[in-house]
Amino acid sequence: MRDTRIASDWFAESRIRVRYAETDQMGVAYYANYLVWFEVGRSQYCNDCGFSYRDMERDSGLFLIVAEAHCRYRNPARYEDELLVRTRISELTRRTLRFSYEIEKGEGVSVAAGETLHVLINSAGRPSSMPDRYLAFLRRDKTAVKGG
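What this report covers is the structure whose coordinates are included nearby. (Residues numbered from 1 in each chain as written. Predicted model: local features only at pLDDT ≥ 70, side-chain atom pairs only at ≥ 80, totals over all residues. Heavy atoms only, no water.)

As a further point, take the overall build of the protein chain. Of regular secondary structure, the protein chain possesses four helices and five strands. Each helix (α) and strand (β) of the protein chain, taken in turn from the N terminus, gives the series β-α-α-β-β-β-β-α-α. Across the 148 residues of the protein chain, 44% fall into the buried class. A fraction of 69% describes how many contacts in the protein chain between residues 6 or more apart in sequence connect residues 24 or more apart. Approximately 8,500 Å² of the protein chain is accessible, and the part contributed by carbon and sulfur atoms is 48%. (Helix = DSSP H or I, 4+ residues; strand = E, 2+ residues; numbered from the N terminus. Buried < 20%, exposed > 50% of the residue type's maximum accessible area, 1.4 Å probe, protein only. Contact = heavy atoms within 4.5 Å. Areas by Shrake-Rupley, 256 points an atom, 1.4 Å probe, with all protein chains shown as cover.)

In this section: the pattern of salt bridges. Any two side chains of opposite charge can pair, given that their charged atoms come close. Counting across every chain of the model gives 14 salt bridges. The salt bridge partner of glutamate 68 is arginine 98, with a shortest N-O separation of 3.9 Å. Within this pair, whereas glutamate 68 is found in strand β2 (residues 63-73), its partner arginine 98 is found in strand β4 (residues 96-105), the two being separated by 30 residues in sequence. On the basis of relative accessibility, which here comes to 44%, the residue glutamate 68 falls in the partly exposed class. Here arginine 98 falls in the buried class, since its relative accessible area comes to 18%. (Salt bridge = Lys/Arg side-chain N within 4 Å of Asp/Glu carboxyl O.)

The element strand β5 (residues 109-121) is largely enclosed, with a buried count of ten among its 13 residues. Here β2 runs beside β5; their pairing, made up of ten bridges, is antiparallel. Pairing of phenylalanine 63 across the sheet is with isoleucine 121, part of β5. Here β4 runs beside β5; their pairing, made up of ten bridges, is antiparallel. (Pairing = 2+ DSSP bridges.)

Judged by side-chain polarity, Tyr30, Tyr31 and Tyr73 come together as a nonpolar surface patch covering roughly 330 Å² of accessible area. For tyrosine 31, the position within the fold is in the loop between β1 (12-17) and α1 (33-49). (Patch = residues over 30% accessible without salt bridge, like charges linked within 9 Å, V, L, I, M, F, W, Y side chains within 5 Å.)

Compared with the 24 Å implied by 1.5 Å per residue over 17 residues, the 24 Å span of α1 between its first and last C-alpha is a close match. Every buried residue of α1 is accounted for by Asn33, Tyr34, Trp37, Phe38, Gly41, Arg42, Tyr45, Cys46 and Cys49. At the exit of α1 stands glycine 50, carrying a positive phi of roughly 115°. (Expected span 1.5 Å × (residues − 1).)

In structure tokens form, the structure reads like this:
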């Protein structure tokens, strides 16, 4: 049976200020930087859940690789804009994890939205199952985490 429990409507927030090096000649953020900002959001999400990627990799020998990435650009981000990245889990199975992102600036102006799909693999590159401890972290199940 495929477990597609969603972690809820809970989300993590990250703040980013667009740096000059992230812009083109017109002062607009280069499109690939949005994927980097998604990564900032993912890392913050995991940290807010109680663990870091690095710790999971070290403790379990497992890695979350990006299998798909999608970004819909709505309004340009410009040099020195302060951005708010909201990250949540939209799908969670034992082997895959889908993050959803919303990036805003100013008074709630939507800059971009997107998703990344991650597959859990071992050091040999084979698909693996998420350890219960990290599933509990991602589901924000504090009782299961304390017991694990």
